[in-house]
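# Breakdown of the fold
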Amino acid sequence: MVLARVALAVMVVVSLTVMALPRAQLAPLGVVNPSEAVIGAGVAAAVVMLIGVALSAPVGPQGAATLGLLVVAGMVAGAAVGAIRLPDIGSSVAWLVSLLLVPALVQMSLAWPQAQPQPRVERWLAMATWAAVGVVGLARLAVWDPFADATCVLGCAANPLALHSDPRLARTLLDVMLVATAAACLATAALVMRRNRFWPGGVACLLLATDALVRLAADGPLAQPTAVALHQARCIGLALVGGALAMAGWSRLRRHGRLLRLAAELDASPAPGTYQASLRRALGDPTLRITYPGVRKQPTDATEDAPASAGGRGQATTVLVRSGTPVAVITHHQQHGAALAAALGPAARMAIDNERMQAQLRSRLEELRASRERIVERGDAERLRLERDLHDGAQQRLLMTGYELSRATLADPSLAAALHPVSRDVATALDELREIAHGIYPGILESLGLPAALGALADGPVPFQLQDCPDRRLAPPAERAVYHIVATALGHPQRSNADGPALVTAAVGLPGDTLHLHVTGLGPLPTGLVQTWQDRVGALGGKVEVSGSQLECVLPCG
Amino acid sequence: MRAAMRVVVAEDVLLTRAGIVRLLTDAGVDVVGEADDVDSLMSQVRAQAPDIVISDIRMPPTHRDEGLVAAARIQRDHPGTGILILSQYVESDYAMQLLREHPGGLGYLLKDRVFDIATVIDALRRIADDECVIDPTIVRRLLARPRGAHDPMDDLTSREREVLALVAEGRSNDGIAQALFVTPRTVEAHVSEVFAKLHLDPEPGSNRRVMAVLTYLKSPRQPGSPKR
């Protein structure tokens, strides 16, 4: 692909250099040895121009066709002016084909960087130029006899295609051709400049138009100084246009290279969430933005946003559609539309769709996780409220009753025997209520934290040893989850042979930002219990694993 | 006969506070101030300079450990003021957290212990004498902890276990002697025997030995028991 383009560029340079040599213009005027400088300038300008054309030719097969046409036109133009010796019939056809330079330039300028102009008016203009040049060219060829043409000195081979020699008609048709060329080029230049698109094309058209108008105005052989000046102006214009073309083409080639690199990256492994950054790098457009319709949490961070807002000046939008549904909306600078369209091949589309699906999945998972966390939190809050209600309500009333019984006994010691059993019952009720309240929500966890709460579990009927526990407060949900697991696990100790339940141990560690809980000495566990642990820990983004008599729990604990 | 003890009562539930205050008043204790949160408690302590502060653990605003925080501040800012924590919680950590800072003039009783007003009056006296008082229920729970085989506690006689419990409750040798109807010298012998069997350093002060015993009872068991 690249080799073909380089070869094409070399051919263009060689052939059009010949065309740019000013023989045809100067020889008829008697200039036998035009100054070296003039020839050198012409060659240099042509070389710059041709490198520009080669580099900036549109992408794709149709663009290559337009470029090819330019090349052929250039070569035959060289032949037409006699630089290349051809049979007579060849000279005639070459002259006709060389005329196609004008419509080819018009089409390329209007369509750049694509192969076809997009608005209908512009397509018509291009077609009309092709038609006018073709028809008038053929007509002139039919009536033109080089021998009868006073302006023809070199390359004036016999015209075997001439049906009838009519110098006046030939001259008129040439004028018509010059007028048509000037009109088409001016219109194209105006359109290109107004839309602020491919200005090198516009300048080239202006140059062609001026050239045509000057030749029209001269209406015959030019005076030598005028011809030299005109030629110098053409050289400067050609060099300018060629330089601009080369710059535009170079930046486009670089961008194309980046896009190719991006495609390679995508092939390798598209990391989800990086596609926007990759496209921004590839196109050099920091305002480019990919959004995925229907995804609540977009994969790209909001802080990455460039200041330019979507829909601002010069912004355009490309919507990627897959199976009839839009999967991604890309907002970018409008000048990158074509490059983007070329870059978004099937692989890139699949990668973007993949990123969208991953983003959607992550967004849903995050919602789900948050919802699980809320459910657990709400349950805990409700239990805490119940425990406080018990503490501040029923327990306080029972205490009050007990105090009043004591006062009665104090006032009248003879009541002691009767009231003592009542007082004991109240105390027992308080004991039971305390156990219930503790079961609903362990107050010691709330007030003294994990080490004290876990340590107090050794007061229960199962031998328990807390081996390690960081002496600092953690996030309440994490503390509750760990306490809940250890407290309920203690209900299922491993049974040793003779002396009842074996020792259960627990160790809590805080390596980095995670909490590790390790419990040993567990007997067979009901599946429902493990499920409860997994629900609770899973809601916090952690996990629990039980294997044999051991339990491992890992919790994120920022 | 010593003068009536002056106490400040801190408890956020009005009903309970009124009950305690009436009972104490009936029993001849001089309640010089009442408080329902830490700030009012601190200002009462400053204004009244009571002998003893009786305080709940959970108070506004967070209902977590405000009573313990206030107790630590009183111990620091008003040394010599006794503190009796009345609580619903049987876990030993609350009491031990205070004892760790300041071993004397401190008590921790369950709220229903107050049903027996004589126990409370006795506790207040002991606190005023700079002893410490730990609720018997808490001590019982610690002693009843399941232990594995080859536990030094198994080597204690039942009398020695009684003595150990009374030591843990914060009683002096004289107090233990009175409770068990034996001579103080017998108690002394029992105590040194218990400490020897549990490999505890014989502590001279009775307050320090409370913490030592509680810590021993709470500490994870030594390795070697039971076989798994």
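Residues numbered from 1 in each chain as written. Chains lettered and ligands numbered in written order. Predicted model: local features only at pLDDT ≥ 70, side-chain atom pairs only at ≥ 80, totals over all residues. Heavy atoms only, no water.

With that settled, consider the overall build of chain B. Per the secondary structure count, chain B includes 10 helices and 6 strands. Put simply, of all contacts in chain B between residues at least 6 apart along the chain, 66% involve residues at least 24 apart. Of the roughly 9,800 Å² of accessible surface on chain B, 51% is carried by carbon and sulfur atoms. (Helix = DSSP H or I, 4+ residues; strand = E, 2+ residues; numbered from the N terminus. Contact = heavy atoms within 4.5 Å. Areas by Shrake-Rupley, 256 points an atom, 1.4 Å probe, with all protein chains shown as cover.)

This brings us to helix H15 (residues 416–440) of chain A. Taking 1.5 Å per residue, 25 residues should reach 36 Å; H15 of chain A reaches 35 Å between its end C-alpha atoms and fits that length. Of the positions making up H15 of chain A, those classed as buried are Leu419, Ser423, Val426, Ala427, Leu430, Leu433, Arg434 and Ala437 of chain A. (Expected span 1.5 Å × (residues − 1). Buried < 20%, exposed > 50% of the residue type's maximum accessible area, 1.4 Å probe, protein only.)

Within the element layout of this structure, Thr287 of chain A appears in the loop between helix H11 (275–283) and strand S1 (289–291). There is a polar contact of 3.3 Å between the side chain of Thr287 of chain A and the side chain of Gln315 of chain A. (Polar contact = N/O pair within 3.5 Å; in protein donor to acceptor, adjacent residues only side chain to side chain.)

Tallying the contact residues gives 47 residues for chain A and 41 residues for chain B. Summed over both sides, the interface between chain A and chain B buries roughly 3,900 Å², with carbon and sulfur atoms accounting for 54% of that surface. The partner of Asp459 of chain A in a salt bridge is Arg145 of chain B, with the nearest N and O atoms 2.6 Å apart. Where the side of chain A that touches chain B is concerned, the elements lending two or more residues are helix H13 (346–392), helix H14 (394–411), H15, helix H16 (443–448), helix H17 (450–456) and strand S4 (464–468) of chain A. Its residues assigned to classes, the side of chain A that touches chain B comprises 18 nonpolar, 16 polar and 13 charged. (Buried area = accessible area lost by both parts, 1.4 Å probe. Salt bridge = Lys/Arg side-chain N within 4 Å of Asp/Glu carboxyl O. Nonpolar A, V, L, I, M, F, W, Y, C, P; charged D, E, K, R; others polar.)

Further remarks concern the sheet that holds strand S7 (residues 543–547) of chain A. Residues and elements named next belong to chain A. Read from one edge of the open sheet, 5 strands run S4-S5-S6-S8-S7, paired in mixed fashion. With partners counted over all chains shown, the strands left at the sheet margins are S4 and S7, one partner each. Strand after strand, the sheet turns through a mean of 15° between neighbouring axes, direction not considered. Here 6 bridges tie strand S6 (residues 514–520) to strand S8 (residues 550–556), and the two strands are oriented antiparallel to one another. Within the sheet, the bridge partner assigned to Leu515 lies in S8 and is Leu555. Relative to the sheet, helix H19 (residues 527–539) contacts S7 and S8, its axis offset from that of S7 by approximately 155°. (Pairing = 2+ DSSP bridges. Axes fitted to C-alpha atoms, helices over the stretch in contact; angles between N-to-C directions.)

Applying the stated criterion across every chain yields a total of 3 aromatic pairs over all chains. Ring geometry for Tyr403 of chain A versus Phe115 of chain B: centroids 5.8 Å apart, planes at 80°, classification edge-to-face. With Tyr403 of chain A in helix H14 and Phe115 of chain B in the loop between strand S5 (106–110) and helix H5 (117–128), the pair connects residues from two separate chains. By relative accessible area, which is 0% here, Tyr403 of chain A ends up buried. Between Tyr89 of chain B and Tyr94 of chain B, the aromatic rings sit 5.1 Å apart at their centres with planes inclined by 10°, giving stacked as the arrangement. (Phe/Tyr/Trp six-rings, centres within 6.5 Å; stacked < 30°, edge-to-face > 60°.)

Next up on the list: the pattern of salt bridges. Here the structure, examined in full by the defined rule, presents 31 salt bridges over all chains. A salt bridge links Asp26 of chain B to Arg407 of chain A; the nearest nitrogen and oxygen atoms lie 2.5 Å apart. Linking Asp26 of chain B in helix H1 (residues 14–26) with Arg407 of chain A in helix H14, this pair reaches from one chain into another. Judged by its relative accessible area of 40%, Asp26 of chain B is partly exposed. The network of salt bridges with shared partners includes Asp122, Arg126, Glu131, Glu169 and Arg171 of chain B.

Note that an α-helix has 3.6 residues per turn; residues three or four places apart therefore point the same way. For helix H6 (residues 136–143) of chain B, every residue scored as buried is listed here: Thr137, Ile138, Val139, Leu142 and Leu143 of chain B. Here H6 of chain B starts with a cap whose side-chain oxygen sits 2.8 Å from the backbone nitrogen of Thr137 of chain B, and that cap is Asp135 of chain B.

On to the pairing of strand S2 (residues 30–35) of chain B, then. Residue and element names in this part refer to chain B. One ladder, built from 5 bridges, connects strand S1 (residues 6–10) with S2; its direction is parallel. Bridge pairing links Ala10 to Ala35 in S2. Between the parallel elements S1 and S2, the chain passes through H1 in a crossover that is right-handed. (Right-handed = clockwise from strand over helix to strand, strands pointing away.)

Residue and element names in this part refer to chain A. Pairing is antiparallel in the open sheet, where 3 strands are placed in the order S1-S3-S2. Each end of this open sheet is capped by a strand with a single partner; those strands are S1 and strand S2 (315–322). Shown here is a sheet whose adjacent strand axes are inclined to one another by a mean of 20°, direction ignored.

Turning our attention to unusual backbone geometry. For residues besides glycine, phi is generally negative; the peptide bonds are generally trans as well. Residues and elements named next belong to chain B. The amide bond that connects Pro60 to the next residue, Pro61, takes the cis arrangement and shows omega of 5°. Counting through the fold element by element, Pro61 comes out in the loop between strand S3 (52–55) and helix H3 (66–77). Located in the positive-phi region is Phe181, a residue other than glycine, with phi close to 55°. Along the chain, the position of Phe181 falls in the loop between helix H8 (173–180) and helix H9 (184–197).

This part is about the environment of Met42 of chain B. Residues and elements named next belong to chain B. In this fold, Met42 is placed in helix H2 (residues 38–48). Take Met42: its relative accessible area is 3%, and that puts it in the buried class. Met42 sits 32 residues away from Ile74 along the chain, and the two C-alpha atoms are 7.7 Å apart. Beyond its immediate stretch of four places on either side in the chain, Met42 contacts Ala70, Arg73 and Ile74.

Before going further, it helps to spend a moment on the nonpolar core. Grouped together as the largest cluster of nonpolar side chains are 95 residues, with contacts concentrated most on Leu454 and Leu517 of chain A. Looking at this core element by element, the count peaks at 7 residues for helix H18 (residues 476–489) of chain A. (Core = buried A, V, L, I, M, F, W, Y, C linked by side-chain atoms within 4.5 Å.)

Let's shift gears to the pairing of S2 of chain A. Residue and element names in this part refer to chain A. By the bridge criterion, 8 bridges tie S2 to strand S3 (residues 325–333) in an arrangement that is antiparallel. Note that in S3 the partner of Thr318 across the bridge is Ile330. Between the antiparallel neighbours S2 and S3 lie 2 residues, among them Ser323 with a positive phi of about 50°.

To continue, consider the environment of Leu99 of chain A. Residues and elements named next belong to chain A. Its location among the elements puts Leu99 in the loop between helix H5 (88–98) and helix H6 (101–111). Residue classification places Leu99 among the buried positions, given a relative accessible area of 14%. Between the C-alpha atoms of Leu99 and Met177, which are 78 residues apart in sequence, the distance is 9.3 Å.

Once that is clear, we can look at a nonpolar patch on the surface. Residues and elements named next belong to chain A. Judged by side-chain polarity, Leu186, Met193, Leu206 and Leu213 come together as a nonpolar surface patch covering roughly 320 Å² of accessible area. At the level of secondary structure, the elements contributing two or more residues to the nonpolar patch comprise helix H8 (167–194) and helix H9 (199–218). Among the secondary structure elements, Met193 is positioned in helix H8. Accessibility expressed as a relative area gives 38% for Met193, which makes it partly exposed. (Patch = residues over 30% accessible without salt bridge, like charges linked within 9 Å, V, L, I, M, F, W, Y side chains within 5 Å.)

Right, let's get into the packing of H6 of chain A against H8 of chain A. Residues and elements named next belong to chain A. It is at 10 Å that the axes of H6 and H8 come closest, and there the two elements cross at 10°. Judged by the inter-axis angle, H6 sits roughly parallel to H8. Considering how the two elements wind past one another, H6 and H8 form a crossing that is left-handed. When H6 is examined against H8, the residues Val102, Val106, Ser109 and Leu110 are found in contact with a partner set consisting of Thr181, Ala184, Cys185, Thr188, Leu191 and Val192. Split into classes, the residues belonging to the contact of H6 with H8 amount to 7 nonpolar, 3 polar and no charged. (Parallel < 35°, antiparallel > 145°, perpendicular 65-115°, else oblique. Left-handed = near helix turned anticlockwise from the far one by under 90°.)

All names here are of chain B. Here chain B shows a mean pLDDT of 88. Residues at 70 or above account for 93%. Contacts of residues 223–228 to residues separated by more than four positions or lying in other chains number 13 contacts, the stretch itself having pLDDT below 50. Confidence estimates for the predicted assembly give a pTM of 0.61 and an ipTM of 0.88. (pLDDT = per-residue confidence, 0-100.)

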